[in-house]
Amino acid sequence: MQRRTLLLGAAWTATVGLGGALGWHQRRVLRAQFELRYPGMEAGHALRDGAPLPAASGTRDTRVAILGAGVAGLACAWKLAREGRRDFVVVAGPEFGGNANAGERNGLAYPRGAHYLPLPSRESTHVREMLADFRLIERDAQGASPYYDERVLVHSPQERLLRDGRWEDALLPMTGLPPEDLAEHHRFEALVERLRTTRGNDGRRLFAVPLVASSTDPAWRALDTLRFDDWLDREGYRSPALRWYLDYCCRDDYGAGTDTVSAWAGLHYFASRDGHAANAAGGAVLTWPGGLGPLVHHLREAITARLGHADWLVDGLAARVQLTAPGARVHCVADGGASEIAARRVVCAMPLAVAARVLPDLREWGYDAHAHASPHAAWLVSNFIMKGYPAEQPGESLAWDNVVYRGHALGYVVSTHQLLRVAPSPRTVFTAYQALSRLGPTQARQWLLEADPDALRDAAAADLLTAYGDDLWREVESLEITARGHAMAIPVPGYLSNPGLAALRDVDGTVLFAHADLSGYSVFEEAAWWGVAAAQRLLS
């Protein structure tokens, strides 16, 4: 089985350091070339604390104001522009691209969040339409097996696992296991294959992306009343290696383990992905050196090209929305001061925790944050800019995705893996991911606020130190850590039937909602779906 998606770490600072005083290489990276980013934290805390807003210096009139330039907001703007609409603006927010943001240093691009996109299945027509627009699908965009641009299909070797001091091919441990463990592994794989094509009593596939395309068959939706761990126990899946793998996948995609996420969500992760490519094997994904950063830049460029100008993107963030008789007034704050946008309609493409601070009382739309808010996972995405490559342990060679069995974190990806070449790039970036799932969400955010640079660096390097030891620091040129305190919603039991989320999904008035939070978990396809759905309502 193959896999992977976004995020960050935990408080293992007592166990993942080198055990003594900092070595010279660690000191150099820590003190001279260590950058820590907290995108959106300062603005979010100002909203939370009710900081006074500066007076607006002017007003801009538009028909539609889209609040947030993450995937959902940009997808909404892309769809509007594609259908010929020009009367909209997008308020950028604190970080262009949101969880799909990317960075670049000394000519090397790297992800600061999500780093791949699975081949979109037949239900994800909106994603296929996008990829065709960007010429990443070259033909048969809505067919069973589209033909993709070879440059964005993940190159081999795709993934490997470090277990017992040796790198193995693929992430699901299979070598040297007892027969009963192997039997469980095969039983789970066979189940997933059946579930991919099984349909509920409404004729829909049981598990699909976007979430709204999934079957609502109550017999299967009952899985959402259980934790994934409880379902695995009930079904007799006890292999330690399989249980580790399933827990790893949930932490990687949802920011929490099998002891937290819904059984429906756990199975959805494996059974919903059913995309194929005419020119790639099953399990292939789309990726770039900058993760999904190039996709949001494709969206930006496509919007600008269709409008003929770049003024549709407004710097700053939406800090307050007031509803008025003709529509709404949006108070925007930027480094240069503040301004207002007068709009007929507003698309709220912000996380719901932020929307609750910016919009009037969300209970007017049926959403009570105290009763309906999903827990949100905290993450660390750490980019180690490497001047060279540390010595490898035996086994499989360096892959795009590299994971440590029972590691503290979620492994690391190699940014230069996709570059076409006959020899490895002389310099590269190792991007390490950690979901702070061993702490509760509130405790994880508190740890992020209080952790000193030593603790953050040690957490960031946890799996890399297991793989390379001191050799890692000898090759590190600099380190950038992005801390995301509210990175993504966690699909806990009951998320499918959350009445507050259901209410916001149906809102169609002056305000529309468009964010992956509406799905109860965060991936590109879900965020893009809600952006496109909002645009379709505006167009109709």
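What you see is a predicted model, and the numbers here were worked out from it, not measured in a lab. (Residues numbered from 1 in each chain as written. Predicted model: local features only at pLDDT ≥ 70, side-chain atom pairs only at ≥ 80, totals over all residues. Heavy atoms only, no water.)

Describing the pairing of strand E5 (residues 108-111)
Stated formally: Paired strands, in this sense, are two strands between which DSSP finds at least two bridges. Secondary structure elements are taken from DSSP: a helix is a run of H or I of four residues or more, a strand is a run of E of two residues or more, and numbering for both begins at the N terminus.
As paired elements, strand E4 (residues 102-105) and E5 share four bridges and run antiparallel to each other. Opposite Arg105, over in E5, you have Leu108 as the bridge partner.

Some details on the environment of Glu477
Going by this rule: Pairing of N or O atoms within 3.5 Å defines a polar contact, subject to two protein rules: one partner must be a possible hydrogen donor and the other a possible acceptor, and residues neighboring in sequence count only if both atoms are side-chain atoms.
Of note, Glu477 is situated in strand E20 (residues 476-489). Distance in space between the C-alpha atoms of Glu477 and Gln33 is 7.5 Å, their sequence separation being 444 residues. At a separation of 3.2 Å, a polar atom in the side chain of Glu477 contacts the side chain of Asn106.

Topic: the packing of helix H3 (residues 71-82) against helix H10 (residues 293-307)
What counts, and what does not: As a rule, the C-alpha atoms of each element are fitted with a line to give its axis, helices using only the stretch in contact, and angles between N-to-C directions run from 0 to 180 degrees. Any angle from 65 to 115 degrees is called roughly perpendicular, while one under 35 is roughly parallel, one over 145 is roughly antiparallel, and all others are oblique. Crossing handedness: left-handed means the near helix sits turned counterclockwise from the far one by under a right angle, and right-handed means the same turn made clockwise. Here, residues are in contact when the closest pair of their heavy atoms is within 4.5 Å. Under the grouping applied here, Gly and all other residues not named as nonpolar or charged are polar, the nonpolar ones being Ala, Val, Leu, Ile, Met, Phe, Trp, Tyr, Cys and Pro and the charged ones Asp, Glu, Lys and Arg.
Packing of H3 against H10 brings their axes to within 9 Å, and their N-to-C directions diverge by 30°. It follows from the interaxial angle that H3 and H10 lie roughly parallel. Where H3 crosses over H10, the two elements pack in a sense that is left-handed. Contact with H3, carried on its side by Val71, Leu74, Ala75, Ala77, Trp78, Ala81 and Arg82, involves Val296, Leu299, Ala302, Ile303, Arg306 and Leu307 of H10 and no other residues of that element. Looking at side-chain class alone, the contact of H3 with H10 contains eleven nonpolar, no polar and two charged residues.

Remarks on helix H17 (residues 499-506)
We apply this condition: Only protein chains enter the calculation, and the probe is 1.4 Å; a residue is then buried if its accessible area is under 20% of its type maximum, exposed if over 50%, and partly exposed in between. Taken from the helix axis, the directions to the C-beta atoms give the arc we talk about.
Burial in H17 covers these residues: Gly500, Leu501, Leu504 and Arg505. End-on, the buried residues of H17 take up no more than an arc of 135°, which puts them together on one face. Turned more than 90 degrees off the buried face of H17, the exposed positions are Pro499 and Asp506. Next to the buried residues of H17 lie helix H11 (352-358), helix H12 (369-372), strand E21 (511-513) and helix H18 (524-539). Structurally, the start of H17 carries an N-cap: the backbone nitrogen of Gly500 is 2.9 Å from a side-chain oxygen of Asn498.

Quick word on the domain arrangement of the protein chain
Threshold: Domain start and stop positions are those given by an automatic or database domain assignment. Take the accessible area each of two parts loses on contact, using a 1.4 Å probe, and add the two losses: that sum is the buried area. By convention in these notes, a salt bridge is any Lys or Arg side-chain nitrogen within 4 Å of a carboxyl oxygen on Asp or Glu.
Assigned domains of the protein chain: these are domain 1 (39-115 + 290-374 + 493-539) and domain 2 (375-489). Distance between the C-alpha centres of domain 1 and domain 2: 29 Å. When domain 1 packs against domain 2, close to 1,900 Å² is buried across both sides, 53% of that on carbon and sulfur atoms. A salt bridge links Glu95 to Arg484, with the nearest nitrogen and oxygen atoms 2.7 Å apart. Elements with a contribution of two residues or more to the side of domain 1 that touches domain 2: helix H2 (41-48) and E5. For the side of domain 1 that touches domain 2, the element with the highest residue contribution is E5, accounting for four residues. The class makeup of the residues in the side of domain 1 that touches domain 2 is nine nonpolar, ten polar and four charged.

Details of unusual backbone geometry
Of note, the amide linkage connecting Ser156 to Pro157 takes the cis form, showing an omega dihedral of -5°. Along the chain, the position of Pro157 falls in the loop between strand E8 (147-148) and strand E9 (159-163). In this chain, Val209 is followed by Pro210 through a cis amide linkage whose omega measures 5°. Positive phi is not limited to glycine here, since Arg406 has a value of about 55°. Structurally, Arg406 is set in the loop between strand E17 (401-404) and strand E18 (412-414).

Quick notes on the nonpolar core
Rules: Within this scheme, the nonpolar core is defined by two criteria: the residues are buried Ala, Val, Leu, Ile, Met, Phe, Trp, Tyr or Cys, and they are joined through side-chain atoms within 4.5 Å.
In terms of nonpolar packing, the biggest core is built from 88 residues, with Ile66, Phe88 and Phe513 touching the most fellow members. For Phe88, the residues in contact, after removing those within four places along its chain, are Thr62, Val64, Ile66, Ala77, Leu80, Ala81, Ile303, Leu307 and Trp312. Ranked by size, the runner-up nonpolar core spans 55 residues in total, among them Phe188, Phe207, Leu211 and Tyr237.

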